[in-house]
Amino acid sequence: MDSIGLNELKTLIEINSRINSDYTDIDALLVYILESAMRLVQCESSSLLLVNKGKETLRFAVALGPKGDEAKNIPVGKNSIAGWVAANRQPLILNDVVGDSRFSDQVQNKTGYITKTMIAVPLSVRNDCIGVIELINKAGGRNFNEHDFEVLNMLCNQAAIAYENAASYQSAKEKISVLQNNLSSGSEYHPFIAKSPAILDLMKMLDEIAKTNLSVIITGESGVGKELFAEQIHLKSDRAQKPFIRVNCAALAPNLLESELFGHVKGAFTDAKTDHKGYFETADGGTIFLDEIAEMPLMLQAKLLRVIQSKTFQKVGSSETISVDVRIVAATNRDLEQMMNEQKFRSDLYFRLSGVPINVPPLRERREDIPALADFFMKKFSVETKKNFKGFSQSAMDALNSYYWPGNIRELENSIERACVLGRPPLINAVDLHINTTMEISSSDIIKDAAEECASEKTADRSLKEAMNRFKKAYVMRILEETSWNKTKAGKILGIQRTYVSRLLNELHIRDEK
């Protein structure tokens, strides 16, 4: 056997240096290794096939040569040379490929590329064969020899190191991504505070729901704490030690949302520089929380439905099917039944998601929670503002208990944060809360007016839903008038984002005065 030459040794050192300097793009690294192999051994084409776990097939991860692009989408069965090498973990040098009993003509027939000679070497990581590297058709019609095998074997060892390092890097990167996702709201999980019978009864129901794997949809007004209920379902389930991934469907553009949910492969679109693992793949074994599910485009709703039904999906730009075990918890403050009637939300997706529907009551219907929540927020913001507040004055507590809270817990939190910033210890006073107490009288008047209007119109829709819509319209208009139609200020009072104020105007058919 010929010894390794100087140029070959330099190339091997070069590859080793590159492996130890960059793990960010495993595909580019593997392509570089295969290109080096082709240059050193002098052959027409090369490929790296990875073993599909749980399946008796291999897939082309890299395919270089005249028909490489065509070969990449063809699955390779176990009854093939690559399948034999992977199963037996033994290399092969074949100088009459077609005459070998293990040869499968599947790829050859589809691409038209004739394989005459081949070296195939198993790619192993920690005694586990993860794939096969093949060099095909020695240049000049010559045969492969033991020297070629020795070079390829060294390259395979380096490719295995590269693959393992890149996998470790990617795993660490994904764990960081999960932590960043969980910490985006300030902490991994929120404290759950409840005193009211309505919420305590709901929590008992969550105990039973958590034992199942049914999809759940949580409804309720903006700011009621739907995400906290989703957290409780996850924490009370057998999935508690697995990822809990939060996705705000309204915060991402439709094309970006698809990529974030399902991932993409390198080259799927202009900015796809590397493969990207999506939220569903990251959440495997755990729970994914799809907040504001009603804002998901219809095209993505169809793809989500397929994931729920089959527990499989394809990354953007890929035909490979990925299987996941993920529980879906969705949430919305929209009326999905109305959206279904307007064909803005798929009815089949709704029925799949609503295996267990949960409606979280607004804060005004569970006023027993107000003192405990207020105390929690006071202690939290006392620390942040470095002020030693001891509690609330009686007038402040009366204001908290009597206010309508259209923005629910989010508005309560904002009010107490503002009070801690502007107020002076030891007590938070009513004036510090900046709650519009005159609005409470106005709220009662609005409710009365809406009820009387519905009752007086004998031929009109007099349902409770219509009465609530009339109240909402009148209330939003009152807030807008109070703020001189400043949507940012109105949003703060209502406890919603400015963008949602604009959407409310359209939904409630309110003419924008600005």
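Residues numbered from 1 in each chain as written. Predicted model: local features only at pLDDT ≥ 70, side-chain atom pairs only at ≥ 80, totals over all residues. Heavy atoms only, no water.

1. A look at helix α11 (residues 298-310)
Part 1: In this model α11 runs 19 Å from its N-terminal to its C-terminal C-alpha over 13 residues, within 8% of the 18 Å that 1.5 Å per residue would give.
Part 2: Those residues of α11 hidden inside the fold are in contact with α9 (254-262), α10 (279-282), β9 (287-291), β10 (312-314), β12 (327-332) and α13 (347-353).
Part 3: In the segment just after α11, Lys-311 is the residue with positive phi, at about 60 degrees. (Helix = DSSP H or I, 4+ residues; strand = E, 2+ residues; numbered from the N terminus. Expected span 1.5 Å × (residues − 1). Contact = heavy atoms within 4.5 Å.)

2. Here we look at the packing of helix α14 (residues 370-385) against helix α16 (residues 408-422)
Part 1: At a closest axis distance of 9 Å, the pairing of α14 and α16 adopts a crossing angle of 40 degrees. One element, α14, and the other, α16, form an angle in the oblique class. Of the two elements, α14 crosses α16, and the hand of that crossing is right-handed. Contacts between α14 and α16 pair Ile-370, Leu-373, Ala-374, Phe-377, Met-378, Lys-380, Phe-381, Ser-382 and Thr-385 from the former with Ile-409, Leu-412, Glu-413, Ile-416, Glu-417, Cys-420 and Val-421 from the latter.
Part 2: When its residues are assigned to classes, the contact of α14 with α16 shows eleven nonpolar, two polar and three charged. (Axes fitted to C-alpha atoms, helices over the stretch in contact; angles between N-to-C directions. Parallel < 35°, antiparallel > 145°, perpendicular 65-115°, else oblique. Left-handed = near helix turned anticlockwise from the far one by under 90°. Nonpolar A, V, L, I, M, F, W, Y, C, P; charged D, E, K, R; others polar.)

3. So, the confidence of the model for the chain
Part 1: Across the chain, the average pLDDT comes to 82, with 85% of residues at 70 or higher.
Part 2: With pLDDT under 50 throughout, residues 438-442 is counted as low confidence; its partners more than four residues away or in other chains account for eight contacts. (pLDDT = per-residue confidence, 0-100.)

4. Quick word on helix α8 (residues 226-235)
Part 1: The element α8 is extensively covered by neighbouring structure, given that seven of its ten residues are classed as buried.
Part 2: Three or more residues of α8 are buried, namely Lys-226, Phe-229, Ala-230, Glu-231, Gln-232, Ile-233 and His-234.
Part 3: At its buried positions, α8 is contacted by α7 (197-209), β7 (216-219), β8 (244-248), β9, β12 and β13 (356-359). (Buried < 20%, exposed > 50% of the residue type's maximum accessible area, 1.4 Å probe, protein only.)

5. Topic: the nonpolar core
Part 1: Grouped together as the largest cluster of nonpolar side chains are 39 residues, with contacts concentrated most on Phe-392, Leu-400, Trp-405, Leu-412, Ile-416, Ile-428 and Leu-433.
Part 2: Mapped by element, the contributors of at least two residues to this core are α14, α15 (394-402), α16, α19 (464-482), α20 (487-494) and α21 (498-507).
Part 3: Contacts of Phe-392, omitting those with residues within four sequence positions, involve Ala-374, Asp-375, Met-378, Met-397, Leu-400, Ile-416, Leu-427 and Ile-428.
Part 4: Membership of the second largest hydrophobic core comes to 33 residues, among which are Cys-249, Ala-294, Leu-349 and Tyr-350. (Core = buried A, V, L, I, M, F, W, Y, C linked by side-chain atoms within 4.5 Å.)

6. Overview of the sheet that holds β9
Part 1: Judged by pairing direction, the sheet is parallel, and its five strands sit side by side in the order β8-β9-β12-β7-β13 without closing on themselves. Of all strands in the sheet, those bounded by a partner on one side alone are β8 and β13. Looking at each pair of strands side by side, their axes are set apart by 20 degrees on average, direction ignored.
Part 2: Of the pairings in the sheet, the one linking β8 to β9 comprises five bridges and is parallel in character. Across the sheet, residue Asn-248 finds its bridge partner in β9, namely Asp-291. (Pairing = 2+ DSSP bridges.)

7. With respect to the environment of Ala-159
Part 1: Mapped onto the elements, Ala-159 comes out in helix α6 (residues 146-183).
Part 2: Each C-alpha atom of the pair Ala-159 and Ile-133 lies 9.4 Å from the other, and the pair is 26 residues apart in sequence.
Part 3: Contact partners of Ala-159, with chain neighbours within four places excluded, come to Leu-30, Ile-33, Leu-123 and Ile-133.

8. Describing unusual backbone geometry
Part 1: The amide bond that connects Pro-425 to the next residue, Pro-426, takes the cis arrangement and shows omega of 15 degrees.
Part 2: Relative to the assigned elements, Pro-426 resides in the loop between α16 and β15 (427-428).
Part 3: Non-glycine residue Lys-386 carries a positive phi angle of around 60 degrees.
Part 4: Its location among the elements puts Lys-386 in the loop between α14 and β14 (391-392).
Part 5: Take Lys-386: its relative accessible area is 76%, and that puts it in the exposed class.
Part 6: One non-glycine residue with positive phi stands out, namely His-434, at about 55 degrees.

9. Here we look at the pattern of salt bridges
Part 1: For the structure on display, the rule yields 18 salt bridges.
Part 2: Residue Arg-364 is joined to Glu-221 by a salt bridge in which the shortest nitrogen-to-oxygen separation is 2.3 Å. You can see Arg-364 sitting in the loop between β13 and α14 and its partner Glu-221 sitting in the loop between β7 and α8, a full 143 residues away along the chain.
Part 3: When its relative accessible area of 29% is taken as the criterion, Glu-221 is described as partly exposed.
Part 4: For Arg-246, the salt bridge is made with Glu-231, and the minimal N-O distance between the two is 2.5 Å. On the criterion of sequence distance, the pair formed by Arg-246 in strand β8 and Glu-231 in helix α8 is long-range, its members being 15 residues apart.
Part 5: Judged by relative accessible area, which is 9%, Arg-246 ranks as buried.
Part 6: Linked through salt bridges whose partners overlap, the residues forming this network are Glu-227, Glu-231 and Arg-246. (Salt bridge = Lys/Arg side-chain N within 4 Å of Asp/Glu carboxyl O.)

10. Structural notes on the packing of aromatic side chains
How two aromatic rings sit relative to each other is given by the distance of their centres and the angle of their planes.
Part 1: For the structure on display, the rule yields nine aromatic pairs.
Part 2: Arranged with centres 5.6 Å apart and planes meeting at 45 degrees, the rings of Phe-262 and Phe-313 form a pair that is tilted. Of this pair, Phe-262 sits in helix α9 while Phe-313 sits in strand β10, and the two are 51 residues apart along the sequence. Considered together, Phe-262 and Phe-313 belong to a single accessibility category, that of buried residues.
Part 3: With 5.4 Å between their ring centres and 70 degrees between their planes, Tyr-350 and Phe-351 make a pair best called edge-to-face.
Part 4: Tyr-350 gets classed as buried once you look at its relative accessible area, which sits at 16%.
Part 5: Ring-pair connections join several aromatic residues into one group, and the members of that group are Phe-262, Phe-280 and Phe-313.
Part 6: A cation over an aromatic ring shows up here: Arg-102 above the ring of Trp-84, its NZ or CZ 4.6 Å from the ring centre. (Phe/Tyr/Trp six-rings, centres within 6.5 Å; stacked < 30°, edge-to-face > 60°. Lys NZ or Arg CZ within 6 Å of the ring centre and 35° of its normal.)

11. Brief notes about the environment of Ile-496
Part 1: Checked against the element boundaries, Ile-496 lands in the loop between α20 and α21.
Part 2: In the structure, Ile-496 is positioned 85 residues away from Glu-411 in sequence and 8.4 Å away in space, judged by C-alpha atoms.

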